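# Per-entry structural report
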Amino acid sequence: MDIELAQENKAMKYDFDKIIDRKNTNSSKWDTTKDEVLPMWVADMDFEVAPKIIKTIINKAKHGVFGYPIVPEKFYDAEINWWKKRYNYHIKKEWISQVIGVVPSLSAIIQAFCQKGDKVLVQHPVYHVFDAVIQKNELEVATNDLIYENGRYRIDFEDFENKVKDEKVKLFILCNPHNPVGRVWDKDELRQMGELCIKHNVIVLSDEIHRDLVYKNYKYTPFCSINEEFLQNSITCTAPSKTFNIAGLKASSIIVANENYKQKIDKVLNQNILSSINIFGIEAFITAYESCEDWLDELLIYLEKNKDYLISFIDKNLPKLKVVEPEATYLLWLDISKLNINSKLLAKKLEELGKLRIIPGLVYGENGDNFIRINIACPLEVLKDGLKRLENGIKLLKYQT
Ligand SMILES: Cc1ncc(COP(=O)(O)O)c(C=O)c1O
């Protein structure tokens, strides 16, 4: 570690360098991966959560009685205050529904607004669970493929309009910030998409689970904050789960100002009992939003450094790879087109030869096949190990072909 970095880390209140053994903890990321392989795939972080969250959970555990909870007023206040202090936007309590997760929310919203034969629009390459949820609800996926040009992704608005024009398209799932391409959509892009959706009667379902994890020089805009019309034509899903590494605690929110939409969504949430958040999830949600902002600010500094480390490592040691400029999320998107190997085979070889598990871009849509996704939310030492494995795997691959 260089002196400057060591000094900055010393000034940090929280220890993101701490390596925690996650093996044999029923971790989906670690306990489905072979012992000798380093997992850098599933979107959770290897950092210990904020001490205040641990404390609140211990206190609850010590109480020793875990009957059915209610969702207290403080839960809604925490969500409202977070929007206000981080994004200077005022949401109202009547707009919030609590849910056991963003994916269950997406499914409920799809059920509330679509019928068999309808289509839901997404933008490939995108978080693959969007497609899965649409298809499991027996609906068709329509895609407005993102365009990759000069190392950056942009939206094909002409194609977007053609897709939303289709009367069967009832809903557009926007991913803002976008997993896996790492874009934070700017106001102009959001405005253009939002206007086309209003013009063609398509509701915008904005998944903003990654909103808090944005890099320096980029700014996230909540879709619904752009204007009253957008607010009335949209549904926003948010959660503290990515931000504070509490995905296993299952607590999230749907924000919807349109009363008619809210009634429809709440009906499906009730039918499927999707609002019964776990007793520990309620506590963690409130503590994270109310008391852990300083932890997040330090996390962002740490992630920024990890991101810069990865970029310079790849520039220096793996010039055939290109990092797509990350604007948000700890999930980095690497262009592998110069390796002349498809992403699935590369992922398989990296696991066999490099002992590293990443996600092949094909998972996120056919236009993701020249890419891999790597999760950098881990202590720097672990990231260094992962990058060595990546380098090794690619070198050994060369000897094989
Ligand atoms: C865009 C997006 N939405 C939703 C989720 C998962 O949300 P939840 O765990 O609340 O169901 C993820 C997880 O990676 C994600 O990237």
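As the structure is a prediction and not an experimental result, all values here were calculated from the model. Here, residues in each chain are numbered from 1, in the same order as that chain's written sequence. In keeping with the model being predicted, local features are shown solely for residues with a pLDDT of at least 70 and side-chain atom pairs are shown and tallied solely at 80 or more, while totals for entire chains, interfaces and linings include all residues. Here the side-chain values reflect all heavy atoms present in the structure, with hydrogen atoms and water set aside.

As a matter of local geometry, the ligand sits amid Ala43, Gly101, Val102, Val103, Pro104, Tyr127, Cys175, Asn179, Asp207, Ile209, His210 and Lys242. Take Val102: an N or O atom from its main chain is 2.7 Å from an oxygen atom of the ligand. For the ligand, an oxygen atom lies 2.8 Å from a polar atom in the side chain of His210. In this description, accessible areas are obtained by the Shrake-Rupley approach with a 1.4 Å probe, and a residue is regarded as covered only by the protein chains that are shown. Here the ligand has 400 Å² of accessible area as a free molecule, and 90% of this is covered by the chains. Starting at the N terminus, helices and strands are each numbered in turn, a helix being any DSSP run of H or I of at least four residues and a strand any DSSP run of E of at least two. Here the shell around the ligand gets three residues from one element, more than from any other, and that element is helix 4 (residues 102-113). Here, proximity means that at least one heavy atom of the residue falls within 4 Å of the molecule or strand. Contacts described as polar in this section are N or O atom pairs within 3.5 Å, which, within protein, must combine one atom able to donate a hydrogen with one able to accept it, while residues neighboring in sequence count only if both atoms come from side chains.

Right, let's get into the pairing of strand 3 (residues 119-122). Residues of strand 3 alternate between two faces, with Lys119 and Leu121 on one and Val120 and Val122 on the opposite face, all of them buried. For a crossover, the right-handed case is the one in which the path from the first strand over the helix to the second runs clockwise, viewed with the strands pointing away from the viewer. As for the winding sense of the linkage, the β-α-β connection from strand 3 through helix 5 (residues 129-136) to strand 4 (residues 140-143) is right-handed. Pairs of strands are assigned from DSSP output, requiring at least two bridges between the strands. In terms of strand pairing, strand 3 meets strand 7 (residues 169-175) through three bridges, oriented parallel. Among the inter-strand pairings, Val120 is bridged to a residue of strand 7, identified as Leu171. Any residue under 20% of the maximum accessible area for its type is buried, any over 50% is exposed, and the rest in between are partly exposed; the area is computed with a 1.4 Å probe on protein chains only.

Buried Ala, Val, Leu, Ile, Met, Phe, Trp, Tyr and Cys residues form a nonpolar core when they are joined through side-chain atoms within 4.5 Å. Counting residues in each nonpolar core, the largest one holds 80 residues, and the members touching the most others are Phe244, Leu310, Leu334 and Leu390. Taken together, the elements giving at least two residues each to this core come down to helix 3 (73-87), helix 11 (279-291), helix 12 (293-317), strand 12 (331-335), helix 13 (343-354), strand 15 (371-375) and helix 14 (380-400). For this core, the element with the highest residue contribution is helix 12, accounting for nine residues. Three or more residues apiece are contributed to this core by two domains, here domain 1 (3-50 + 293-394) and domain 2 (66-291). Residues in contact with Phe244, not counting those within four places in the same chain, are Met45, Val49, Ile53, Trp82, Ala288, Tyr289, Cys292, Trp295 and Leu296. Core analysis: the next-biggest nonpolar cluster, separate from the first, contains 34 residues, Val129, Ile134, Ile235 and Ile265 among them. Each domain's limits were defined by an automated method or a database of domain assignments. Any two residues whose heavy atoms approach within 4.5 Å are treated as being in contact.

What follows deals with the domain arrangement of the protein chain. Entries for the protein chain in the domain assignment read domain 1 (3-50 + 293-394) and domain 2 (66-291). Centre-to-centre separation of domain 1 and domain 2, based on C-alpha positions: 25 Å. Between domain 1 and domain 2, the residue contacts involve 36 residues of the former and 36 residues of the latter. For the domain 1 and domain 2 pair, buried surface summed over both sides reaches about 3,100 Å², with 55% attributable to carbon and sulfur atoms. Here's the idea: put two parts together, see how much 1.4 Å probe accessible area each one loses, and the total over both is what we call buried area. Sorting the residues of domain 1 by area buried against domain 2 places Glu293, Glu327 and Tyr364 first, and these three jointly supply 25% of that buried surface. Among the salt bridges present, the one from Arg152 reaches Glu327, with a minimum N-O distance of 2.9 Å. Taken together, the links from domain 1 to domain 2 amount to 20 residue pairs in polar contact (both at pLDDT 80 or more). Listing elements by their share of the side of domain 1 that touches domain 2, those giving two or more residues are helix 12, strand 12 and strand 15. For salt bridges, the criterion is a side-chain nitrogen of Lys or Arg within 4 Å of an Asp or Glu carboxyl oxygen.

Looking now at the packing of helix 4 against helix 5. Working note: a packed helix pair is described by the angle between its axes plus the distance between those axes. The geometry of helix 4 relative to helix 5 is characterised by a closest axis approach of 10 Å and an angle of 40° between their N-to-C directions. Classified by the interaxial angle, the pair formed by helix 4 and helix 5 is oblique. As for how helix 4 packs across helix 5, the hand of that crossing is right-handed. Between helix 4, through Val103, Leu106, Ser107 and Ile110, and helix 5, the contact on the second element is made entirely by Val129, Phe130, Val133 and Ile134. Across the contact of helix 4 with helix 5, the residue classes tally to seven nonpolar, one polar and no charged. Lines fitted to the C-alpha atoms define the axes, with helices restricted to the stretch that makes contact. Angles between their N-to-C directions range from 0 to 180 degrees. Should an angle fall under 35 degrees it is called roughly parallel, over 145 degrees roughly antiparallel, and 65 to 115 degrees roughly perpendicular, with every other angle called oblique. Helix crossings fall into two classes, left-handed where the near helix is turned counterclockwise from the far one by less than a right angle and right-handed where it is turned clockwise. Here the term charged refers only to Asp, Glu, Lys and Arg, the term nonpolar to Ala, Val, Leu, Ile, Met, Phe, Trp, Tyr, Cys and Pro, and the term polar to all other amino acids, Gly among them.

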